[in-house]
Each structure stands twice: as structure tokens, then as C-alpha cells.
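Tertiary structure, described
Single-letter residue listing:
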Amino acid sequence: MASLFGRSGEIHRVSALVGALPTRGAALVVRGEAGIGKSALLAVAVDVARGSGLQVLSVTGVEAESHLDFAGLHQLLTPFLRLAEALPGPQRTAVLTAFGMADAPPPDLFLIALASLNLLAEASSLAPVLVVVDDAHWLDPATAAVLAFVARRIAVEPIGLMVAARDGFATPLDAADLPVLRLAPLDPEAAEELLDTRAPDLPPSTRAAILANAEGNPLALTELPEVAGRLDPAGNWLPLTTRLEQAFAGRLSGLPEATATALEVAALNDGDGLAETLAAAGVTAADLAPAIEGRLVTVDQGRIRFRHPLIRSAVHHRIDGIRRLAVHTALAGVLDATAERRLWHRAAASEGADERIAADLDDAAQHAQQRGAVAGAVRTLEIAARLSTDGHRRVERLLLAAIWATEIGRRDEMDRLLDLIGPAALTPDQQARAAWVRGRFDNHLAQSIPGARALVLFARDAIDRGETDLALDLLQAVSLLCAFTEPGVEIRESVVAAARRLTVDGDDPRLLLVLAFAHPVACGADVLARLQRPAPAVDGAAYRALSTSANAIGEYELCLALAAPALIHLRTQGRLALLTRALAVQGRAAVNLANLSIAVPAAEETIRLAREISLPPIEALGWAQSARIAALRGRFGEFEACAAQAELLATPWRAAAVLSMVQHARGLAALAAGRHREAVEPLLRIFRPGDPAYHLLHGWDAIGDLAEAAARGPARLRVTEIVGELEKVAEQMPTAALRVGLGYAVAVLDGDEQAFVDFLATDLTAWPFVRARAQLVYGAWLRRHRRRAESRVVLRAAREAFDALGTVPWSERARQELRASGETSTRRAPDALDRLTPQELQIAQLAAEGLTNREIGQRLYVSHRTVSTHLHRIFPKLGITSRAALREALARA
């Protein structure tokens, strides 16, 4: 191929990728300007794959078809839909609903993506699969999002993904951090060789003009000789893509009228069916002969396709406004059997606002949303709004489109859609929803205090109008702000007062979450009492609200118990946004209990999913939790990196919940290293009003660490005062976190034997790390008082607990104290937490519970083959040879 001149290195790279597919998966994005050779390079990959017996799936994005959600995915997966019966029920239903082959509640996009991944994995068990996507920048957004999901998860699958996209166009695949092969222009020697091969008899001046205009672009070098007489000898200030379009446009000017009409229809058609193009144009197949002979289009198997997207673009630019309306009208007239496409052409043919078409588009948007095609639904509603004749309905459509845009992580779309509302008169309900939706991306952290007050006022008005769900959404938004920052008592009390007016059951999970977030001190006891009642069966979202409420009031053991079913439900439903938030809640509770076997995989998955679906505040929480975990494990380099990333994400939002957790991690790291005085300042910041890291709830978590750090230093008096203040809070809110934290703080500040005896006599079953730390300090006190035999008993218990928890620095300190008491200890043996990656640990735990590979894959959003590969890596790391030995190996570790 002409466009592969001088591309031996690139050809070798794509051939190597395809050649490795039987043993490992890979993805590659080929980037470059139009005509640079991307399609030719993909063709090489296809030839190599087919020659090696691989299965090849291919699709090409077309600009005119980009509004047809899942069109590309359906084209890709149709050959494998026969394998859908092997999918878990929810996944099978999701993908078939997306393709209009089943009728079910709206599936989450990520459940459709997981089903797509597993279909490819099923097919790859027969032979490796290569997925080839050309012109990915024109894929429908739903397909592109699914492919980005798949691309992140094929590393251990015999699945390859090769994607070509034009420079200057963004795609959802850009966020997947895939390897990129960027095609540069041909070097001068290769460009001259290609031109001489294509047009060997050019006059020197013409040859020089073409080389100057082509700028090393293979397509330009092959096409410009036909329009050489119109070229500027010194090159052209126009972009090369524009010059190429002009070159193709020059070849259109001499076509017969019937041929030109057919090309106009084909360019505006959102399908490639030959019959519908000919019918709409009112011509016959013979009229296409000049376009075929001129290498403008190809006709094969009842389909008409442009030889290059720039040819289609050149035709587009030739069609004036009136002519464009006529073509869309003609297409709408021949597409009776395809209602969705017909509607799009009716809308494009509209000469102005048309409420009837707007209403039909509204219905189409609802249908698209029910299929999980939310991006398409957003676009459809925007067009419906543009065609609306009723001002109220126009605003309603834009508001709903903005809400849906937040569900697919499109902040830019949300902002633009809300801006389109403009100065229109909004009803109170619309004003409230507009204010609510603007803050969804950042947990309303960008809200000022006046903005928070406004949301509460909107909520009160909604309550007066009987709009309970809207009022709950608004109050939850402000309460979330209270959880992440410190807005002051006035805002907290106003949220509680409004929430108490809601006409919902007192045990409603949404109400409990609002109260727990907004004012954990004033409402904590009531929330806890309601959480401890036997609850009726609830869904994943309700379980998440309940576990989050328990977390917000410092009841971490209860939080973990409620988080478990929440995670199972949300994973099954494919609700990644809620799942990511639930993982962050689970991770925080587990970190505070030093349950690292839960905390480590939860924090890692929180970061990974939050980054994937664009939730920066939640990603920041994951990094902050990882910083605390690293400090507990004595991994100080890892701690610094995680803390820095958390602060980078949290500081612009003034997210005190994250910044306080980072300071807590700094204090823990200093304590772990034995630098007690250095730990005081970062921990004190959590209790200092006005400090960016000031946070009431995290103070409950950190008070014991602060007391230990300050017990023998100059800050002891100030810390004693803080303990006294928190003891007053505990009288009103007897939460477990505060009870345990204060108990430990009092013991280490008093420093006498009775204080430790009293504290260790309390119920610390769920708090093994705190109990072991108290035993360590008490054992050291006994040793210093020459009661060595007694000290060894206590220190041994501490050492064994620290070893089991994986809190290495404290294990080593317990061993040091035992040596000082006259007893030696063996070195701590690495356990599963040390040997396995976070994802391997998570897979091992689920397998030990008896889940199959398919069930594990469904929960973790990977294929069952990926699970199998991980298990084969896990077994030798744990010194076992079978799945049956996992439970014992993990317990032993």
C-alpha cells in the first residue's frame, strides 16, 4: 500500500502485537492526521491476524452514524451474540436490552460493558480475537465507552484491540491510558519515492509543488497529482486536511447531476444501505458509475461507502442549507421501517421549531435511556429542546439532559446544557434542580456557604410543594458538603430542621444518610438506634445509604456489615458510580479498624474505578486511605506518594475530609517511625478550626493517635483539653469510634497501670489494633517498672495481634520491647497481604468463600479468564496448589 511507504517499524510493532495474542492481550491506539496511513496499518494487522487463524471483528466510525447508540458495538458483537447464553443473567439481559433485543429496566452502561468483555472472552476461548476500530473519533459515544472499559481489562486475555483515531479529536479511549503509536509524516526520501511511484512523469516544478503541499502525507502524495495545476508551488497556508478536501472536491465538480445527488444523499445518510440511498436520491445504480470510476465510493454487497472520510467531508461542504434540508426530507421519506433514523432525519429537515418532532424526540430519548444509551439520550433531548415551541418543556428537556450527562461523567456536557437554558424564566422546581445538578460532579464542594443556604431553601420549598424526592436530593447534596467540609453549625442545623419536616418513614435510608452527614453529633444517637433495628429487604442503593450512615457516625463494625450486601447488589447491577462510593465507605471503615485485608483491595479499587468514571473527590479519598494503609504497614515511600496524590486532588476542592485523613496518615507514619513529637503537628491540624484539614468526624478517629504522640511532650496540656471537649461530645453521641478513641487517649495521657487495665477491660473485639497498641504501651510500662514476666504476657499478645493485622512497624516495636524484657522473637513471616497484590488478595478472598471464577469476575468487573490467570499466580505465592487450600492459606497468613 502506498501509505505504508517507510513504515517498517510501525508494521513490525502491530505484527508483534497480533503475534502475541495467543498468550496475552494488548491494546494500541494509532494516532495521526487524515491520510497518514492509519487505516493501512490496521489492514496489516487484520491480514496478519487472519493469516494466523485469529478471529477478527472490525468496525469503522462514521460521522453521520455517531448518534446511533451502540450501533458500533452491535456491529462488532453480532457474530458472537450466539454465546450470550453463557453470560450471567443480568449481563445477558443488559447487552440484549442495549441492542433492542430484550425489554428490561434501563441497564447500567458498565454492566453492558462487562457483558461485552465476557462475550469477547468466551469467543477467545475458541481462538484469539482481534478487535479493529477505524475512525474511532466518530464512533457513537456508548460504543466508545464500552471499548474503553474493555481495553483496561484485556491484559491477560487473548484479546487485542487496535484503534485508529485522527489527531485533534478526543475519544473516551483517551482516558484509558492506552499505548499510542503516533504516525509521523514520511521523511523526504520516502515521500519522494512514493510520489515517483504514483506519478513518475511529473515536471520538476509540479513535483516540487506536490511535495511541498503534501508535507509527507501519503494520501496527499497519491491524490494531489490529479489537481497539480491548482497547487501553490511554495505550499499553502491552509491546513493539509482542508487541502485534501479541496482536492477531492475538485474531482466532484465534473460529475453528472444524478451522480452528485446520490453522493449528497450518501454523505448525509446515517446508514450505508445502497437501496435507501438510491431511493432517496431518485437515481439508479448505474448513476453511481462515474463516482466508482473516480475512486470516490465503493459499492459492494448492497452497501455504498466513501473511499475516505475526507471525500464524505468534501461532499458535506458542498451541500448548501436548502439542499441539505431537501436531502434529509428525502431520507426521512424512505426510512419508514427504521423509526429512530427516520426521526433524526425529520429533525434535521425541520425548518424551525416543531413541537411535534420535539415530542417524538423526547420519547426517543426516553427509549434510548431505557436501553442504557444515556449519551444518545442526552443528545436527543438537546435537539428536542432546540425544536421546542413550549418554553417550559424546553427547560425540562435541557434539565433532564444535564442530569443524565452527570450519570455518564460528562461534566462539560452538563455545564453546556445548563448554560443553554439561558435567561429563561424557571419555575421554583426547575431552579432547584438546576442548582442541584451543578454540584453533582464535585460532591457540591464548589458550593459557597450562600450556595448551601440556597439549596436548603430550595429543599424547604420542595417540601412545601410535596416534592419529597427533590427535597431529599437537595438536602443530601448539602449534607454531603457537610461531610466533606466544615460549613458551620448554622448550615448543619438548617439541614436537620428541613429533614425533620420530610414526610418519609423515620427509617428511610435516604433520611438517615442526610441526618448522619449533616449533624452526626446531634443526630448520631437517633441514627444509630434506627440502624440497629432489623431492616426489611432493601436494594443496593439503600444498603449503601445505611452503611454510609453508620460510617458517618463512627460505627465502623456496623458499617462493614451493611457494606457487604451493598457491594454485592451494586456489583450485580453494574452501578459503578454508587459502587465506587460504597467502596470508599468500606475502605474508610476498614482502615479505622486496621482491617487491612478489606482496606487494601477496597482502596485500590476505589482509586481505579473513581479514575475510570471521573469522580475526583472519591479518588482523593482512595488515595488518602491508601496513605493511611501504607503508614500502618511501614511503607513510607508509598505513603508519601499516596499522600501527595490525595492532596493534589483534594486541595482545589477544599475537601477537609480528605485533607484531614492525609494529616492523620502523616501522624501515623511518624508514630510508626518512632518520631512521636513529629506526629503532633499534623494531628493537631485536624482539631484546629479554620485549618484546611479541620474535620470533626476525623478528629474522633485521630484522638488516640494524637494523645499517644503528645503524652510526653509540650502539647500534652492542649491535647488534654481536646480530650475534655470530646468527652462532652461523647455524652451526647456515644459512638464506638469516639468511645474507643477517647478510652485509649485517656489511658496513654494518664500513663498509669489502672488506666490501661480499665481500658483493656472494655469491649475492644472489633478494635484489635487499638487493643494491641494499648497492650504494647502497657507492656512497656510494666517492663520499665521491672515487672518483666508480666510484661511478656501482654507484649506477646500485642506482637501476635500486630503480626496478624500486618501492621509491621508496631510488630517490630513489640519485638523490641520483648527483647528488652529478656525474650527473643522469631521474625514475622510474610503473609498473604504481603505476598499478593490488592486485586489478587480480593480474588483469593472471594475464591476462598466458594465463588466460581465467573461469579468473581462478575463482582470485580473482569472476565472469568482474568480471574483464572490471577489464581494461577496466587497459588505459588501462597505455597498451595489448589483452590481448596485457599481458605486455610488465608487463615494461616
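Bear in mind the structure is a predicted one, so any value in this text is a computation, not a measurement.

**Focus on the overall build of the chain**
Regarding its fold elements, the chain presents 46 helices and 7 strands. For 893 residues, the compact-globule formula gives about 29 Å, and the C-alpha radius of gyration of the chain, at 32 Å, lands near that figure. Across its three principal directions, the C-alpha atoms of the chain cover 105 × 65 × 55 Å. Every one of the 893 residues in the chain was classed for burial, and the buried ones make up 58%. Long-range contacts, defined as pairs at least 24 residues apart, comprise 69% of the intrachain contacts of the chain with a sequence gap of at least 6. Here the chain displays about 35,200 Å² of accessible surface, and carbon together with sulfur accounts for 53% of that area. Of note, the chain has its 95 positive side-chain charges centred 6 Å away from the centre of its 104 negative side-chain charges.

**Observations concerning the side chain of S811**
The residue S811 is located in helix 41 (residues 808-820) in this model. Note on S811: relative accessible area 0%, which makes it buried. Reaching out from S811, the side chain makes a polar contact with the backbone oxygen of F802 at a distance of 3.4 Å. A distance of 2.9 Å separates the side chain of S811 from the side chain of D803, its partner in a polar contact. Not counting chain neighbours up to four residues away, the residues in contact with S811 comprise R799, F802, D803 and R828.

**Some thoughts on the nonpolar core**
Grouped together as the largest cluster of nonpolar side chains are 250 residues, with contacts concentrated most on F70, V658, W767 and L886. When residues of this core are assigned to their parent elements, the largest contribution, 12 residues, is made by helix 23 (residues 468-484). Here F70 is in contact with A98, F99, L109, I112, D140, A142, T143, V146, R371, G372 and A373, once residues within four sequence places are set aside. Grouped together as the second largest cluster of nonpolar side chains are 42 residues, A190, L252, A267 and V283 included.

**Looking at the sheet that holds strand 5 (residues 180-182)**
One open sheet accounts for 5 strands, arranged 2-3-4-1-5; its pairing is parallel. The outermost strands of the open sheet, each flanked by one partner alone, are strand 2 (55-60) and strand 5. Strand-to-strand twist in this sheet, taken as the mean axis angle between neighbours without regard to direction, amounts to 15 degrees. Where strand 1 (residues 26-32) meets strand 4 (residues 159-166), 7 bridges bridge the pair, whose relative direction is parallel. Residue pairing in the sheet places G32 in a bridge with R166 of strand 4. Helix-sheet contacts for helix 1 (residues 8-19) involve strand 1, strand 3 (129-134), strand 4 and strand 5, and the interaxial angle to strand 1 is about 155 degrees.

**Quick word on helix 30 (residues 596-612)**
Owing to its 3.6 residues per turn, the α-helix brings residues three or four apart onto one side. Helix length check: helix 30, at 17 residues, gives a terminal C-alpha distance of 24 Å against a target of 24 Å (1.5 Å per residue), a fit within 8%. Within helix 30, 12 of the 17 residues are buried, leaving the element largely enclosed by the surrounding structure. Along helix 30, the residues that are buried comprise L596, A599, V600, P601, A602, A603, E605, T606, I607, L609, A610 and E612.

**What about unusual backbone geometry?**
A positive phi angle is found at R295, which is not glycine, with a value near 60 degrees. The topology assignment puts R295 in the loop between helix 13 (289-293) and strand 6 (297-300). Unusually for a residue other than glycine, R654 sits at a positive phi of about 55 degrees. Within the fold, R654 resides in the loop between helix 32 (636-650) and helix 33 (656-672). Of the residues examined, R654 reaches a relative accessible area of 53% and is grouped as exposed.

**With respect to the environment of R530**
Of note, R530 is situated in helix 26 (residues 520-531). Under the relative-accessibility criterion, R530 is labelled partly exposed at 24%. The spatial distance from the C-alpha of R530 to the C-alpha of E731 is 19 Å, given a sequence separation of 201 residues. Each residue touching R530, except ones within four places of it in the same chain, is listed here: G506, D507 and L512.

**Observations regarding the pattern of salt bridges**
In total, this model carries 61 salt bridges according to the counting rule given. Among the ionic pairs, E817 bridges to R783, the shortest N-O distance being 2.7 Å. Residue E817 is found in helix 41, and its partner R783 is found in helix 39 (residues 768-784); the two are separated by 34 residues along the sequence. By relative accessible area, which is 16% here, E817 ends up buried.

**Quick look at the packing of aromatic side chains**
All told, the structure shown has 9 aromatic pairs when counted by the stated rule. Taken together, a centroid distance of 6.1 Å and an interplanar angle of 50 degrees make the contact between Y744 and F759 tilted. Of this pair, Y744 sits in helix 37 (residues 736-750) while F759 sits in helix 38 (residues 753-760), and the two are 15 residues apart along the sequence. For the pair shown, Y744 and F759 are each scored as buried. Put simply, the rings of F110, F149 and Y861 touch in pairs and so form one group of aromatic residues. Directly above the aromatic system of F149 lies the positively charged group of R153, at a separation of 3.7 Å from the ring centroid.

**Concerning the confidence of the model for the chain**
Per-residue pLDDT for the chain averages 90, and the proportion of residues at 70 or more is 96%. Ranking the elements of the chain by mean pLDDT puts helix 10 (residues 240-252) last with 77 and helix 33 first with 97.

**Quick word on helix 22 (residues 449-464)**
An ideal rise of 1.5 Å per residue puts 22 Å on 16 residues; helix 22 measures up with 23 Å between its terminal C-alpha atoms. Within the span of helix 22, buried status applies to G451, A452, L455, V456, F458, A459, A462 and I463. Considered in projection along helix 22, the buried side chains sweep an arc of 155 degrees and stay on one side of the axis. Exposed residues lying more than 90 degrees from the buried face of helix 22 are P450 and D464. Looking at the buried residues of helix 22, the elements they touch are helix 21 (428-438), helix 23 and helix 24 (489-499). G466 sits one or two positions beyond helix 22 and adopts a positive phi of about 80 degrees.

**A word on the state of the cysteines**
Under the criterion given, the structure shown has 0 disulfides. A disulfide-free cysteine, C559 has its sulfur positioned 18 Å from the sulfur of C523, the nearest such atom. The buried category is assigned to C559, whose relative accessible area is 0%.

**Describing the packing of helix 31 (residues 616-633) against helix 32**
With their axes 8 Å apart at the nearest point, helix 31 and helix 32 run at an angle of 155 degrees to one another. By the criterion of interaxial angle, the relationship of helix 31 to helix 32 is roughly antiparallel. Between helix 31 and helix 32 lies a crossing of left-handed hand. Of the residues in helix 32, those touching helix 31 at P616, E619, A620, W623, A624, S626, A627, A630 and A631 are E638, F639, C642, A643, Q645, A646, L649 and A650.

**Things to note about the packing of helix 43 (residues 838-848) against helix 45 (residues 864-878)**
Axis separation between helix 43 and helix 45 bottoms out at 10 Å; the angle between their running directions is 95 degrees. Considered as vectors, helix 43 and helix 45 are oriented roughly perpendicular to each other. Judged by residue contacts, Q839, E840, I843, A844 and A847 of helix 43 engage V867, H870, L871, R873, I874 and K877 from helix 45. Here the residues of the contact of helix 43 with helix 45 sort into 6 nonpolar, 2 polar and 3 charged.

Criteria and cut-off values
Residues numbered from 1 in each chain as written. Predicted model: local features only at pLDDT ≥ 70, side-chain atom pairs only at ≥ 80, totals over all residues. Heavy atoms only, no water. Helix = DSSP H or I, 4+ residues; strand = E, 2+ residues; numbered from the N terminus. Rg over C-alpha atoms; globule rule 2.2 N^0.38 Å. Buried < 20%, exposed > 50% of the residue type's maximum accessible area, 1.4 Å probe, protein only. Contact = heavy atoms within 4.5 Å. Areas by Shrake-Rupley, 256 points an atom, 1.4 Å probe, with all protein chains shown as cover. Lys, Arg positive; Asp, Glu negative; His and termini not counted. Charge placed at Lys NZ, Arg CZ, Asp CG, Glu CD. Polar contact = N/O pair within 3.5 Å; in protein donor to acceptor, adjacent residues only side chain to side chain. Core = buried A, V, L, I, M, F, W, Y, C linked by side-chain atoms within 4.5 Å. Pairing = 2+ DSSP bridges. Axes fitted to C-alpha atoms, helices over the stretch in contact; angles between N-to-C directions. Expected span 1.5 Å × (residues − 1). Salt bridge = Lys/Arg side-chain N within 4 Å of Asp/Glu carboxyl O. Phe/Tyr/Trp six-rings, centres within 6.5 Å; stacked < 30°, edge-to-face > 60°. Lys NZ or Arg CZ within 6 Å of the ring centre and 35° of its normal. pLDDT = per-residue confidence, 0-100. Arc of directions from axis to C-beta. Disulfide = S-S within 2.5 Å. Parallel < 35°, antiparallel > 145°, perpendicular 65-115°, else oblique. Left-handed = near helix turned anticlockwise from the far one by under 90°. Nonpolar A, V, L, I, M, F, W, Y, C, P; charged D, E, K, R; others polar.

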